[in-house]
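# Geometric and topological summary
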Amino acid sequence: MRILIVEDEAKLAALLQRGLGEEGITADVAGTGADGLWQATEHPYDVVVLDLMLPDLDGLELCRRIRAVDRRTPVLMLTAVASVRDRVAGLEAGADDYLVKPFAFDELLARLRALARRGNVVPEDELRVGDLVLHVRSRRVSRSGVDIALSTQEFALLEAFARRPGEVLTREQLVHLAWDIAYEARSNVVDVCVKGLRDRIDRPFGRASLQTVRGIGYRLAEDPA
């Protein structure tokens, strides 16, 4: 899952980004309404989280502008404003859900997953590509019944491949799917991570699942040689 957090409280945004990352969810952060509008309309997200009180463009107007060009991506209002009138205004502006600060992180996580199920992504708990099995929530991987230990980043990259078996993905696509937007696609971070994955999911099993498509990128083969 990939989400956008539009929140001007830098400390809270960083805490959310780190906590979601530990759950295998990639989160981009925008500190202003203008930046949030640009990111929300230029990049695909599974859920957008909006703070109501932003310094330049309030969350209600931001939600309306997002809805003017994107009616599908779920929007969660996350704010300290707790009155019924404000909650109703948020929902009428196009938000799909509303969570008042302070909140329990587990509740936020559950709401994000529920919204993702209703939106563009159905986050299956189990992904299978041949004899390679990923359990998304527990972040466990196995091949032919043998457990494989992966880093958080390796798992995120493998999940991106496993959700698109056989599809050729460019380095730019993989950076967007498995890293936050601070990474530059021209760096070798994807190549390094792919090499690490091959050392763990392929070579010990005599497989060649992760294939290089010269001049384009990589793919996870459904029937590796």
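Just above sits the structure.
Read on for a plain summary of the structure. (Residues numbered from 1 in each chain as written. Predicted model: local features only at pLDDT ≥ 70, side-chain atom pairs only at ≥ 80, totals over all residues. Heavy atoms only, no water.)

Think of it this way: side chains of opposite charge can pair up when their charged atoms draw near. Scanning the entire structure with this criterion turns up 19 salt bridges. The partner of Glu-154 in a salt bridge is Arg-200, with the nearest N and O atoms 3.4 Å apart. Of the two residues, Glu-154 is situated in helix 6 (residues 152-162) and Arg-200 in helix 8 (residues 189-202); the sequence distance between them amounts to 46 residues. Residue Asp-199 pairs with Arg-203 through a salt bridge whose shortest N-O separation is 2.4 Å. (Salt bridge = Lys/Arg side-chain N within 4 Å of Asp/Glu carboxyl O. Helix = DSSP H or I, 4+ residues; strand = E, 2+ residues; numbered from the N terminus.)

This paragraph deals with unusual backbone geometry. Between Lys-101 and Pro-102 the backbone carries a cis peptide bond, its omega angle lying at -10°. Following the sequence through the fold, Pro-102 ends up in the loop between strand 5 (97-100) and helix 5 (105-118). Unusually for a residue other than glycine, Arg-139 sits at a positive phi of about 55°. Checked against the element boundaries, Arg-139 lands in the loop between strand 7 (132-135) and strand 8 (140-143). Arg-139 sits in the partly exposed class, given a relative accessible area of 31%. (Buried < 20%, exposed > 50% of the residue type's maximum accessible area, 1.4 Å probe, protein only.)

Checked against the element boundaries, Val-75 lands in strand 4 (residues 75-79). Overall, Val-75 belongs to the buried group, its relative accessible area being 0%. As for Val-75 and Leu-15, which are separated by 60 residues in sequence, their C-alpha atoms are 20 Å apart. Apart from residues no more than four positions distant in its own chain, Val-75 is found in contact with Val-48, Leu-50, Cys-63, Arg-67, Gly-94, Ala-95, Asp-96 and Asp-97. (Contact = heavy atoms within 4.5 Å.)

As a further point, take helix 8. Taking 1.5 Å of rise per residue, the 14 residues of helix 8 would be expected to cover 20 Å, and the 19 Å separating its terminal C-alpha atoms lies within 8% of that figure. Of the positions making up helix 8, those classed as buried are Val-189, Val-190, Cys-193, Val-194, Gly-196, Leu-197, Arg-198, Ile-201 and Asp-202. (Expected span 1.5 Å × (residues − 1).)

Attention shifts here to the nonpolar core. In terms of nonpolar packing, the biggest core is built from 27 residues, with Leu-157 and Phe-161 touching the most fellow members. Contributing elements (two or more residues each) for this core: strand 6 (126-129), strand 7, helix 6, helix 7 (171-178), helix 8 and strand 12 (217-220). Each residue touching Leu-157, except ones within four places of it in the same chain, is listed here: Leu-174, Ala-178, Trp-179, Val-190, Cys-193, Val-194 and Leu-197. Residues Val-6, Leu-54, Val-75 and Met-77 belong to the second largest nonpolar core, which totals 20 residues. (Core = buried A, V, L, I, M, F, W, Y, C linked by side-chain atoms within 4.5 Å.)

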